[in-house]
Amino acid sequence: MNLHYDLFVIGGGSGGVRASRMAAATGAKVGIAESYRWGGTCVIRGCVPKKLFSYASHFGEELHDAAGYGWSLGGSPSFNWKKLMAAKDAEIDRLERVYEHSVLIPAGVEVHHGMAKLTGPNTIDLDGQTITADKILIAVGGHPTRLPIPGAELAMTSNELFELQDFPEKLLVYGSGYIAVEFAGIMNGLGADVTLAFRADKMLRGFDEDLRDHLTQQMENKGITVMPYTTLKALGGQAGAVDVAWQQHGEDLPSQVFDQVLMATGRRPNTHNLGLEELGVALSSHGAIEVDQHFETSVPGIYALGDVIDRVQLTPVALGEAMAFVDTHFKGRPRRMDYSNIATAVFSDPNVGTIGLSEEEARAQGYDIAVYRSTGRAMKHVLPDRNEKMLMKLIVCRESDRVLGLHFIGPDAGEVVQGFAVAMKMGATKADFDATVGIHPTAAEELVTMRAPVAS
Ligand code: NDP
């Protein structure tokens with residue numbers, strides 16, 4: 001029996017689930033296929049387990065700091081990786097069931113478990129079953145990559161780290177993007193001896209320079225060894241004792257043995273084995289599906305969104321793209337996704353939150369700017385005498401007074417920056433910030449009380 005849908009979605013991650021349930025709510029007949037687990041990268045091996053690990057990691061410091069507030073905990077607190085893994089797995093299992101049974105099925109979406117492959121502009125093969133659809137949406141996400149060096153298979157990617165059985169006491173994290181910086185902080189906080197090595201001069205390419213420097217200093221203060229200008233030549237030995245041959249500044253370093261190596265060197269779109277090449281769906285040189293402003297590929301009727309189109313690899317962006325897709329194609333309200341001023345957080349230790357332009361980007365774009373900057377210790381850290389400094393920075397356009405960039409390093413930076421993102425999206429000016437009464441005592445109040453620019 002052939003099944004026919006108005007919309008068939010391939011991929012049950014953030015973008016695919018959102019698009020299918022919102023389209024089904026318009027009365028469309030919608031089916032979705034997932035070959036692995038409902039929830040996709042974010043829920044199964046990305047944002048959600050990472051955030052759980054990040055919470056776990058911070059308890060180490062919190063337990064220590066509690067003494068500064070008069071608590072005696074007795075004995076020395078210890079951490080059990082297997083217990084954290086089991087708790088994480090139970091929560092991910094729960095969320096996966098929620099996605100399927102409390103989100104998709106009640107929304108009227110027909111769910112299919114299996115590997116879908118396009119066989120025509122309106123036809124899919126799902127493990128031998130033929131499915132037809134007026135529109136097909138590809139939301140299959142991406143996967144982490146390893147560098148093409150000898151022995152690369154000995155390294156973990158973030159996928160394997162989420163399944164790791166034994167806690168690595170000595171860990172090399174290679175890369176300096178979101179994943180590398182986050183896991184370096186998490187694993188250090190959980191008690192590992194962490195080295196963070198990368199090829200660039202600084203971590204977090206593209207972020208504000210000040211922020212990059214400040215975060216490096218804070219991470220080093222917490223005991224992470226940071227190695228810029230470092231390249232990996234080869235990995236040897238075995239998992240559990242990986243021998244790393246590497247160079248810094250182009251010179252060989254003595255090789256070192258690590259319990260594990262995490263390669264966090266970027267992600268690639270999952271465009272293989274989908275039948276895309278056979279159908280002539282255009283791909284970028286990076287392997288991403290190319291789409292127009294309404295997410296249509298080069299083949300009419302076939303659409304794509306989320307990490308597989310590799311615009312901005314963030315869950316909320318995939319959700320936003322899915323909403324724009326449904327508005328355009330199922331609600332008769334065509335609109336584009338707005339990619340401006342996307343707030344983002346790096347769950348490093350300490351956390352980073354940022355919106356808008358870095359100081360360098362603002363200058364490069366020709367803005368005449370005033371820079372407001374403040375550093376200091378969070379009040380919470382004073383009694384335990386924790387040597388951790390926050391950074392707050394605003395980039396303001398002198399001509400329009402608009403706040404072009406906001407950067408925050410400190411506890412719960414993502415929570416702090418989320419609210420400011422609304423103001424910035426609305427075009428808030430520095431005068432608006434100045435007219436806002438702070439909430440005292442908080443860390444974030446500093447963002448509305450910085451009066452004198454430090455640079456222009
Ligand atoms: P990123 O693109 O953020 O970083 C990739 C890292 O790999 C960079 O440090 C890059 O170095 C390095 N790299 C790439 N190629 C090579 C190479 N050939 N040799 C040496 N180093 C190399 O990727 P991630 O894997 O960290 O994360 C993927 C995406 O997932 C992110 O872009 C982000 O959008 C998303 N994400 C978001 C999170 C959040 O919102 N908190 C958390 C985790 C992931 P260089 O800088 O020198 O180019």
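Just above sits the structure.
Let's hear about helix H7 (residues 209-221): which residues, and what values?
Every α-helix winds through 3.6 residues per turn, so residues three or four apart in the chain are directed the same way. Across its 13 residues, H7 extends 18 Å between first and last C-alpha, which sits within 8% of the 18 Å expected from 1.5 Å per residue. What H7 keeps buried is the set Asp-210, Leu-211, Arg-212, His-214, Leu-215, Thr-216, Gln-218 and Met-219. Where H7 begins, the side chain of Asp-208 points an oxygen toward the backbone nitrogen of Asp-210, at a separation of 3.0 Å. Just downstream of H7, Gly-223 is the residue with a positive phi angle, here 105 degrees.

Requested: an account of the side chain of Thr-230, with residues and values cited.
By the secondary structure assignment, Thr-230 is in strand E11 (residues 230-238). For Thr-230, a relative accessible area of 0% puts it in the buried group. A polar atom in the side chain of Thr-230 sits 3.5 Å from the side chain of Gln-248. When neighbours within four sequence positions are excluded, Thr-230 is seen to be in contact with Tyr-174, Ala-197, Phe-198, Arg-199, Trp-246, Gln-247 and Gln-248.

Give a description of the layout of surface pockets that names residues and reports values.
Rolled over the atoms, a probe as big as a water molecule pinpoints where empty space is left. Size it by volume and the second largest pocket reaches roughly 330 Å³. Along the walls of the second largest pocket sit 18 residues, with Ala-378, Met-379, Met-390, Thr-442 and Ala-443 positioned nearest its centre. Listed by contribution, the elements that provide at least two residues to the lining of the second largest pocket are strand E20 (369-377) and strand E21 (389-397). Top element by residues in the lining of the second largest pocket is E20. It accounts for four residues. Among the residues forming the lining of the second largest pocket, the class breakdown is seven nonpolar, six polar and five charged.

For a nonpolar patch on the surface, give the residues involved together with the corresponding values.
The grouping of Tyr-55, Phe-59, Leu-63, Tyr-69, Trp-71, Leu-73, Val-382 and Leu-383 at the surface amounts to a nonpolar patch, some 870 Å² of accessible area in total. Within the fold, Leu-63 resides in helix H3 (residues 47-66).

Requested: an account of the packing of helix H1 (residues 14-24) against helix H9 (residues 315-330), with residues and values cited.
Direction vectors running N to C along H1 and H9 enclose 30 degrees, while the axes themselves pass 8 Å from each other. As summarised for this structure, H1 and H9 are arranged roughly parallel, according to the angle between their axes. In the crossing of H1 with H9, the sense of the turn from one axis to the other is right-handed. Here H1 contributes Ser-14, Gly-15, Arg-18, Ala-19, Met-22 and Ala-23 to the contact with H9, which in turn contributes Thr-315, Ala-318, Leu-319, Ala-322, Met-323, Phe-325, Val-326 and Phe-330.

How would you sum up the sheet that holds strand E18 (residues 344-346)? Please name residues and give values.
Reading across from one edge, E18-E19-E22-E21-E20 is the order of the five strands in this open sheet, with antiparallel pairing throughout. Each edge of the open sheet is held by one strand with a lone partner, namely E18 and E20. Averaged over all adjacent pairs, the angle separating strand axes in this sheet is 10 degrees, with direction ignored. Here six bridges tie E21 to strand E22 (residues 403-409), and the two strands are oriented antiparallel to one another. If you follow Met-392 over to E22, its bridge partner there is Phe-408.

So what about the packing of aromatic side chains? Which residues, and what values?
This structure, assessed with the given rule, holds 11 aromatic pairs. An angle of 75 degrees between the planes, with centres 6.0 Å apart, marks the rings of Phe-79 and Phe-167 as edge-to-face. Here Phe-79, found in the loop between H3 and helix H4 (81-104), pairs with Phe-167, found in the loop between helix H5 (158-161) and strand E8 (170-174); they are 88 residues apart in sequence, far enough to count as distant. Here Phe-162 and Phe-183 contribute two aromatic rings whose centre-to-centre distance is 5.5 Å and whose plane-to-plane angle is 65 degrees, an arrangement assigned as edge-to-face. Taken together, the positions of Phe-162 in the loop between H5 and E8 and Phe-183 in helix H6 (residues 178-189) put the pair 21 residues apart, joining distant regions of the chain. Judged by relative accessible area, which is 2%, Phe-162 ranks as buried. The residue whose ring lies beneath Lys-29 is Tyr-5, and the NZ or CZ to ring-centre distance is 4.6 Å. Across the ring face of Phe-330, the terminal group of Lys-135 is positioned such that the distance to the ring centre comes to 5.7 Å.

So what about helix H11 (residues 413-425)? Which residues, and what values?
Over its 13 residues, H11 extends 18 Å from the first C-alpha to the last, a length consistent with the 18 Å expected when each residue adds 1.5 Å. Approximately 30 degrees is the largest bend angle found in H11, and it occurs at Gly-419. Considered for burial, the residues of H11 that qualify are Ala-413, Val-416, Val-417, Phe-420, Ala-421 and Met-424. Of the surrounding secondary structure, the elements contacted by the buried residues of H11 are strand E19 (352-356), E22 and helix H12 (430-435). Count one or two residues on from H11 and you reach Gly-427, which has phi positive near 85 degrees.

Parameters at a glance
Residues numbered from 1 in each chain as written. Predicted model: local features only at pLDDT ≥ 70, side-chain atom pairs only at ≥ 80, totals over all residues. Heavy atoms only, no water. Helix = DSSP H or I, 4+ residues; strand = E, 2+ residues; numbered from the N terminus. Expected span 1.5 Å × (residues − 1). Buried < 20%, exposed > 50% of the residue type's maximum accessible area, 1.4 Å probe, protein only. Polar contact = N/O pair within 3.5 Å; in protein donor to acceptor, adjacent residues only side chain to side chain. Contact = heavy atoms within 4.5 Å. 1 Å grid on protein atoms, 1.4 Å probe; cavity = no way out; pocket = protein on both sides within 12 Å on 5 of 7 lines; lining within 4 Å. Points joined across faces, edges and corners; volume = space filled by probe spheres on them. Nonpolar A, V, L, I, M, F, W, Y, C, P; charged D, E, K, R; others polar. Patch = residues over 30% accessible without salt bridge, like charges linked within 9 Å, V, L, I, M, F, W, Y side chains within 5 Å. Areas by Shrake-Rupley, 256 points an atom, 1.4 Å probe, with all protein chains shown as cover. Salt bridge = Lys/Arg side-chain N within 4 Å of Asp/Glu carboxyl O. Axes fitted to C-alpha atoms, helices over the stretch in contact; angles between N-to-C directions. Parallel < 35°, antiparallel > 145°, perpendicular 65-115°, else oblique. Left-handed = near helix turned anticlockwise from the far one by under 90°. Pairing = 2+ DSSP bridges. Phe/Tyr/Trp six-rings, centres within 6.5 Å; stacked < 30°, edge-to-face > 60°. Lys NZ or Arg CZ within 6 Å of the ring centre and 35° of its normal. Bend = angle between axes of the 7 residues up to and from the residue.

Note that all results are geometric; they support no functional claim without further evidence.
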